[in-house]
Amino acid sequence: MPFENGRSRVIAVANQKGGVGKTTTTINLGAAMAEEGQKVLLVDLDPQANATTGVGVSSRDLEASIYEVLLQRVSLVDVLRATDVPNLDLVPSNLPLAGAEIELVTAFSREHRLERALGEVVDDYDLVLIDCPPALGLLTVNALVVASEVVVPIQCEYYALEGLGQLVGNVDLVRSNLNPDLEISHIALVMYDARTKLSEQVADEVRAYFGEKVCRQVIPRSIRLSEAPSFGQPITVFDPTCRGAVAYRQLAKEVLG
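Keep in mind it's a predicted model, so treat the numbers as computed, not measured.

Thresholds, definitions, all that
Residue numbers restart at each chain and count upward from 1, following the sequence in its written direction. A pLDDT threshold of at least 70 governs which residues receive local features in this predicted model, and a stricter bar of 80 or more applies before side-chain atom pairs are shown or counted, although totals over entire chains, interfaces and linings include all residues. As a rule here, side-chain values cover all heavy atoms of the structure and leave hydrogens and water aside. Cavity means a closed set of points on a 1 Å grid over the protein atoms alone, one where a 1.4 Å probe fits but cannot get out, pocket means an open set with protein on both sides within 12 Å along at least 5 of 7 lines, and lining means a residue has an atom within 4 Å of a point. Grid points are joined across faces, edges and corners, and a volume is the space filled by probe spheres set on the points. In this text, helices come from DSSP runs of H or I with a minimum length of four residues, and strands from runs of E with a minimum of two, each type numbered from the N-terminal end. Basically, the charged four are Asp, Glu, Lys and Arg, the nonpolar ten are Ala, Val, Leu, Ile, Met, Phe, Trp, Tyr, Cys and Pro, and anything else, Gly included, counts as polar. Aromatic pairing here means that ring centres of Phe, Tyr or Trp (its six-membered ring) are within 6.5 Å. Orientation follows from the plane angle: under 30 degrees is stacked, over 60 is edge-to-face, and everything else is tilted. The rule is simple: take the accessible area with a 1.4 Å probe, protein chains only, and divide by the maximum for that residue type; under 20% is buried, over 50% is exposed, in between is partly exposed. Every helix has an expected span of 1.5 Å times one less than the residues it contains. Every residue pair with non-hydrogen atoms within 4.5 Å of one another is taken to be in contact. Pairing between strands is defined by DSSP: at least two bridges between the two strands are required. A clockwise course of the path from the first strand over the helix to the second, judged with the strands pointing away from the viewer, identifies a crossover as right-handed. Residues counted as positive are Lys and Arg, residues counted as negative are Asp and Glu, and His and the chain ends are not counted. Salt bridge, as used here, is a side-chain nitrogen of Lys or Arg placed within 4 Å of a carboxyl oxygen of Asp or Glu. Pairs of N or O atoms within 3.5 Å make up the polar contacts considered here, provided that, within protein, one atom can donate a hydrogen while the other can accept it, and that residues adjacent in sequence are counted only when both atoms are side-chain atoms.

### Topic: empty space enclosed by the protein
In this structure the tally under the stated criterion is one cavity of 30 Å³ or more. Size it by volume and the largest cavity reaches roughly 50 Å³. For the largest cavity, the full set of lining residues is Thr24, Ile27, Asn28, Gly54, Leu225, Ala228, Pro229, Gln233, Pro234 and Ile235. By residue number, the principal contributor to the lining of the largest cavity is helix H1 (residues 22-35), which donates three residues. The residue makeup of the lining of the largest cavity, split by class, is six nonpolar, four polar and no charged.

Okay, here's the thing in C-alpha cells:
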C-alpha cells in the first residue's frame, strides 16, 4: 500500500525485457526531476547494479547495499548515499542481491520488505524511483507493493510489445492481492530512431494499445546516452545540451505533470 503522507510519489520503473533502456530511464528521469528542484531517491533493485554505477558509485566497494536492507541486517538509512547530482540520493545495489530472491522465499512478510525499509525515509523525498530487475520475481514484486505507479520504458524495436501483456497481468495481480492503488501511469518510448519506419510503427502500435498513458516525448537513439553511464553520470550532467538530455528533461516534466 503506498505511503499515506500525500507527498511522496513512489514510482517503479519496470519492464521484464532486458536491454530496453530501463536503467537509463530511471537514472535520467531522476536526475532531470532533481534538476527541477524535486528531492529524489533512486533505489537500485537490480543485482546488475547499473543504476548504482551509472550515478558514479562503485558497487564493488560497498560495505552494505539494498541486499542487507531487504534481509533486515541494516536499515535503509545506513546505506543511503548522496550523489554528485544535487537533490538526488541513491540506495545502492550490488551482486549479492541476486541471492535475495532465494533467501526471501521463506521469509516472513517477504513482499513487504522494501515497503518497511522505505518507511523510514520516504517523508524526506518528493519522489522515489525504483529501478526493477528485468524479471518478475520477488524483487520486482517488492517494488510493485511499495509503488503507487509504474513507468514502463518500451524500446521502439521489433518485439517491443512482447511480454508486455504479462507485465500488465502482473500489475493487475499485485493490485488485486497486495496493493490496490498500483497503476501503470506512463509508458515511455525509448531508443526511437526517426529515420526508420519501424520506430514509427512501434510507437503507433503502443499508442493504439495504451492511449493517453504513452508520453508524448520520445527518447531518441543516441550515442551520448549510451556513453554517459560509463562515466558514472546522468546525461543531464554528461552532456547537458545533447538531444538525449533535452528529451529526458521533457519526459521528466510529463511524468511530474
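### Side note on the packing of aromatic side chains
Under the criterion given, the structure shown has three aromatic pairs. Plain terms: the ring middles of Tyr158 and Tyr159 are 4.6 Å apart, the flat faces sit at 50° to each other, and that makes the pair tilted. For the pair Tyr158 and Tyr159, one class covers both residues: exposed.

### Here's the deal with unusual backbone geometry
What you tend to see is this: most non-glycine residues have negative phi, and most peptide bonds are trans. Positive phi is not limited to glycine here, since Ala49 has a value of about 60°. The topology assignment puts Ala49 in the loop between strand S2 (40-44) and helix H2 (50-54).

### Some details on helix H9 (residues 197-210)
The first and last C-alpha atoms of H9 sit 20 Å apart over 14 residues, in line with the 20 Å expected at 1.5 Å per residue. Contacts from the buried residues of H9 go to strand S6 (149-155), helix H8 (164-177) and strand S7 (183-190). Among the residues trailing H9, Gly211 stands out with phi positive, at a value near 60°.

### Here we look at the pairing of S7
In terms of burial, S7 is a largely internal element, seven of the eight residues being buried. Taken together, the seven bridges between S6 and S7 define a ladder with parallel strand orientation. Among the inter-strand pairings, Gln155 is bridged to a residue of S7, identified as Val190. Taken together, S6, H8 and S7 form a β-α-β motif whose crossover is right-handed.

### Thoughts on the layout of surface pockets
In this structure, the largest pocket encloses a volume near 480 Å³. Forming the boundary of the largest pocket are 24 residues, of which Val20, Gly21, Lys22, Thr24 and Met191 lie nearest the centre. The set of elements that each furnish at least two residues to the lining of the largest pocket consists of H1 and helix H10 (223-227). Tallying contributions element by element places H1 first for the lining of the largest pocket, with four residues. Considering only residue class, the lining of the largest pocket consists of eleven nonpolar, nine polar and four charged.

### A short note on the side chain of Glu115
Within the element layout of this structure, Glu115 appears in helix H6 (residues 113-118). Of the buried charged residues, Glu115 lacks a salt bridge, with Arg116 as the closest side chain of opposite charge at 6.5 Å. Among the polar contacts made by the side chain of Glu115, one reaches the side chain of His112 at a distance of 2.8 Å.

### Topic: the pattern of salt bridges
Taken as a whole, this structure holds 15 salt bridges when the rule is applied. With a shortest N-O distance of 2.6 Å, Arg249 and Glu35 are connected by a salt bridge. With a gap of 214 residues between them, Arg249 in helix H12 (residues 243-256) and Glu35 in helix H1 connect regions that are remote in the sequence. Among the ionic pairs, Asp89 bridges to Lys39, the shortest N-O distance being 3.3 Å. Of the two residues, Asp89 is situated in strand S4 (residues 88-91) and Lys39 in the loop between H1 and S2; the sequence distance between them amounts to 50 residues. Using a relative accessible area of 13% as the deciding quantity, one classes Asp89 as buried. A relative accessible area of 29% means that Lys39 is categorised as partly exposed. One connected set of salt bridges, linked through shared partners, spans Lys22, Asp46 and Asp131.

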